[in-house]
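Residue strings, one per chain:
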Amino acid sequence: MKPLTEQEIRAAFVNCTKGEARRLSVPRDLAELPWDDLDYLGWRDPQAPDRAYLVAELDDAGPTALVLRANGSAAVGQTRRSMCSVCLTTHSGGVSLMVAPKAGRAGQQGNSVGAYLCSDLACSLYLRGKRDAGVGARLHETITLEEKIRRTVTNLAAFVAKVTS
Ligand SMILES: [Zn+2]
């Protein structure tokens, strides 16, 4: 994806108030991130362990960013392997249920959408083999990396669409 500035990221949030978007923690090392290897940027809030954020540029309309609430990793058995619903990497204890309040009125009324995602939101790096999820992390597949990336972006876009619809 193309590099984003802190200002662009803050302006892209669709499911929180403008005040929250101004205050939430955005990574400080934006300039050093491996943007070329990212299909989306996701990060955990260092000040609030149950908060996570992601930003993706899914169409020409500009980036969309989401506020997510992660359930504690203790809630999912550490020995059970679970699969990220976006990049389809399997981890033991490295997948969290992330819940996003819906955008707009629906969100104010308490509606939300959940998905199982890599706990560190590093789907792009697992896909490219730049981060290791351990033995058996990937199903053996004959499709190319490009196809896996396309599938990941499609899965992410479907999640974002559910939040913004
Ligand atoms: Zn993932």
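Data block above holds the structure.
Owing to the predicted nature of the structure, the values given are computational and were not obtained by experimental measurement.

Draft legend 1. Structural context of the environment of Val 160. Topologically, Val 160 is positioned in helix α5 (residues 145-164). On the basis of neighbour count, Val 160 is assigned to the buried category, with 24 C-beta atoms found within 10 Å. The sequence separation of Val 160 and Arg 44 amounts to 116 residues, and the corresponding C-alpha distance is 18 Å.

Draft legend 2. Just α5, in detail. For α5, built from 20 residues, the straight-helix expectation of 28 Å at 1.5 Å per residue is met to within 8% by its first-to-last C-alpha distance of 28 Å. Every buried residue of α5 is listed here: Thr 152, Val 153, Leu 156, Phe 159, Val 160 and Val 163. What you see down the axis of α5 is that its buried residues fit within an arc of 125 degrees, all on one side. Residues Glu 146, Glu 147, Thr 154, Ala 158 and Ala 161 are exposed on α5 and point more than 90 degrees away from its buried face. Looking at the buried side of α5, the elements it contacts are β2 (48-56), β3 (64-70), β6 (95-101), β7 (112-118) and α4 (123-127).

Draft legend 3. The sheet that holds β7, seen in detail. If you trace the five strands from one edge of the open sheet to the other, you get β1-β2-β3-β6-β7, paired in antiparallel fashion. Each having just a single partner strand, β1 (41-45) and β7 make up the two edges of the open sheet. Strand-to-strand, the axes of this sheet are offset by a mean angle of 30 degrees, without reference to chain direction. When β1 meets β2, the two strands line up antiparallel, connected through five bridges. Within β2, the position partnered with Trp 43 by the bridge is Tyr 53. Together, β2, β3, β6 and β7 form the strand contacts of α5, whose direction differs from that of β3 by roughly 85 degrees.

Conventions used here
Residues numbered from 1 in each chain as written. Predicted model: local features only at pLDDT ≥ 70, side-chain atom pairs only at ≥ 80, totals over all residues. Helix = DSSP H or I, 4+ residues; strand = E, 2+ residues; numbered from the N terminus. Buried ≥ 20, exposed ≤ 12 C-beta atoms within 10 Å, placed from the backbone. Expected span 1.5 Å × (residues − 1). Arc of directions from axis to C-beta. Contact = placed C-beta atoms within 7 Å. Pairing = 2+ DSSP bridges. Axes fitted to C-alpha atoms, helices over the stretch in contact; angles between N-to-C directions.

Treat this as a map of the structure, not an account of what it does.
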